[in-house]
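For reference, the chains in residue letters:
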Amino acid sequence: MRSCTKCALHQTRTNAVPGSGSPNAEILIIGEGPGFNEDEQGLPFVGRSGKLLDELLAAVPLSRDDIFITNVVKCRPPDNRDPLPDEVAACRPYLERQLQLLNPKVIVTLGRVSMLRYYPEGKISEDHGKILEWEGRILFPLYHPAAGLRNPAIKRELQKDVLKLPEALRASTNSANNSSPSEKNKEPNINRP
Ligand code: URA
């Protein structure tokens, strides 16, 4: 990833940001793409959004050592714009390989772009905080912390939603054990062929 030239983002990056955290994490958190600070340091969520993310995780409680964090695109989109579809497509094999290697029980997507990667029909305003299922894993979409920094109402939603992470983990254990229907069965199963 650090030497990738598959899309135009490599021309403007300082550092690619593959991700960080525990290789044994049960929870994979996927943001959108690196921002200014992440591009400078080569690490995910080290700016203001990252500080809010750390606060949110601490309430669960979880720390960065308990999880793995990466992004849909590994290089910073100029001026922090949304990544373009061809950039997301070029980076997709890296995210897929990370998912394979880490084999997390729960995928937490942060924001719309990341949620759409797994749930193209989803609407972040309706689906945030829902415990969904995707290809045998739990998918747990959250608002992006940057949206929470801009909007206090969204920050409150994030603070409420993140407390459901232990329930999302339990739901994944239930599905692995094939036990009685769990909370997630009340939500749409977004498994697709
Ligand atoms: N926002 C993201 O989506 N990812 C980061 O790594 C930092 C900010």
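Residues numbered from 1 in each chain as written. Predicted model: local features only at pLDDT ≥ 70, side-chain atom pairs only at ≥ 80, totals over all residues. Heavy atoms only, no water.

### Some details on the site of the ligand
To keep it simple, the criterion reads: Proximity is defined per residue: if any heavy atom of the residue lies within 4 Å of a molecule or strand, that residue is considered near it. Counted as a polar contact is a pair of N or O atoms within 3.5 Å, where, for protein atoms, one must be capable of donating a hydrogen and the other of accepting one, and residues adjacent in sequence contribute only when both atoms are in side chains. Using a 1.4 Å probe, accessible areas were evaluated by the Shrake-Rupley method; residue-level cover was limited to the displayed protein chains. Classification convention: Asp, Glu, Lys, Arg as charged; Ala, Val, Leu, Ile, Met, Phe, Trp, Tyr, Cys, Pro as nonpolar; all other residues, Gly among them, as polar.
Every residue close to the ligand is listed here: Gly31, Glu32, Gly33, Glu38, Pro44, Phe45, Asn71 and His144. At a separation of 2.8 Å, an oxygen atom of the ligand approaches a polar backbone atom of glutamate 32. Here the ligand, which alone exposes 230 Å², has 92% of that area covered by the protein. Per-class residue counts for the shell around the ligand are two nonpolar, four polar and two charged.

### So, the UniProt feature "domain: Uracil-DNA glycosylase-like" (unreviewed entry) in the chain
Rules: UniProt positions are given in the numbering used here, feature names are shortened, and annotations may be inferred rather than shown by experiment. Each helix corresponds to a stretch of at least 4 residues labelled H or I by DSSP, and each strand to a stretch of at least 2 residues labelled E; elements are numbered beginning at the N terminus.
UniProt's entry tags residues 18-163 with the feature "domain: Uracil-DNA glycosylase-like" (unreviewed entry), counted in the numbering of this structure. Within residues 18-163, the helical portion is 43% and the strand portion 18%, while the C-alpha atoms at the span's ends are 27 Å from each other.

### A closer look at the pattern of salt bridges
Should the charged atoms of two oppositely charged side chains come close, the side chains can pair. The condition is simple: Salt bridge, as used here, is a side-chain nitrogen of Lys or Arg placed within 4 Å of a carboxyl oxygen of Asp or Glu. A simple rule labels every residue: compare its accessible area, found with a 1.4 Å probe on the protein chains alone, to the largest value its type can have, and call it buried under 20%, exposed over 50%, or partly exposed in between.
By the definition in use, this model includes ten salt bridges. The salt bridge involving lysine 123 is made with glutamate 126; its shortest N-O contact spans 3.9 Å. Salt-bridge contacts for aspartate 127 lead to lysine 130; the nearest nitrogen and oxygen are separated by 3.3 Å. On the accessibility criterion, aspartate 127 (6% relative accessible area) is buried. A network of salt bridges, in which partner residues are shared, links Arg92, Glu96 and Arg117.

### Focus on the sheet that holds strand S5 (residues 132-134)
What counts, and what does not: Pairs of strands are assigned from DSSP output, requiring at least two bridges between the strands.
A sheet is described by the order of its strands in space; here six strands give the open sequence S1-S3-S2-S4-S6-S5, paired in mixed fashion. Where the open sheet ends on each side, the last strands, each with one partner, are strand S1 (20-21) and S5. Across two bridges, the pairing between S1 and strand S3 (residues 67-71) is antiparallel. Pairing of glycine 21 across the sheet is with phenylalanine 68, part of S3.

### Some details on the pairing of strand S2 (residues 27-31)
Of all the five residues making up S2, five are buried; the element is thus mostly covered by neighbouring parts of the structure. Relative to S3, S2 is paired through five bridges, and the arrangement is parallel. If you follow isoleucine 30 over to S3, its bridge partner there is threonine 70. Relative to strand S4 (residues 106-110), S2 runs parallel, the two sharing four bridges. By the bridge assignment, leucine 28 is partnered in S4 with isoleucine 107.

### Quick notes on the packing of aromatic side chains
Our working definition: A pair of Phe, Tyr and Trp rings is counted when the ring centres sit within 6.5 Å of each other, with Trp represented by its six-membered ring. The angle between the planes then sorts it: under 30 degrees is stacked, over 60 is edge-to-face, the rest tilted. Both a distance and an angle decide whether a charge sits over a ring: NZ of Lys or CZ of Arg must be within 6 Å of the ring centre and within 35 degrees of the ring normal.
In this structure the tally under the stated criterion is one aromatic pair. Sitting over the face of the ring of tyrosine 94, lysine 6 holds its NZ or CZ atom 4.6 Å from the ring centroid. The ring of tyrosine 118 carries arginine 117 above its face, with NZ or CZ at 4.5 Å from the centroid.

### Digging into helix H3 (residues 85-102)
The cut-off we apply is this: Each helix should span, by expectation, one fewer than its residue count multiplied by 1.5 Å. Bend is computed residue by residue as the angle between axes fitted to the seven residues ending at the residue and the seven residues starting at it. Every residue pair with non-hydrogen atoms within 4.5 Å of one another is taken to be in contact.
Helix length check: H3 (18 residues) gives 25 Å between terminal C-alpha atoms against 26 Å at 1.5 Å per residue, within 8%. Maximal helix bending in H3 amounts to about 40 degrees, located at cysteine 91; proline proline 93 follows within four positions. Those residues of H3 that fall on the buried side of the exposure criterion are Glu87, Val88, Ala90, Cys91, Leu95, Gln98, Leu99 and Leu102. Looking at the buried side of H3, the elements it contacts are S2, S3, S4, helix H4 (112-118), S5 and strand S6 (137-142). Immediately beyond the C-terminal end of H3, within one or two residues, lies asparagine 103, with a positive phi of roughly 50 degrees.

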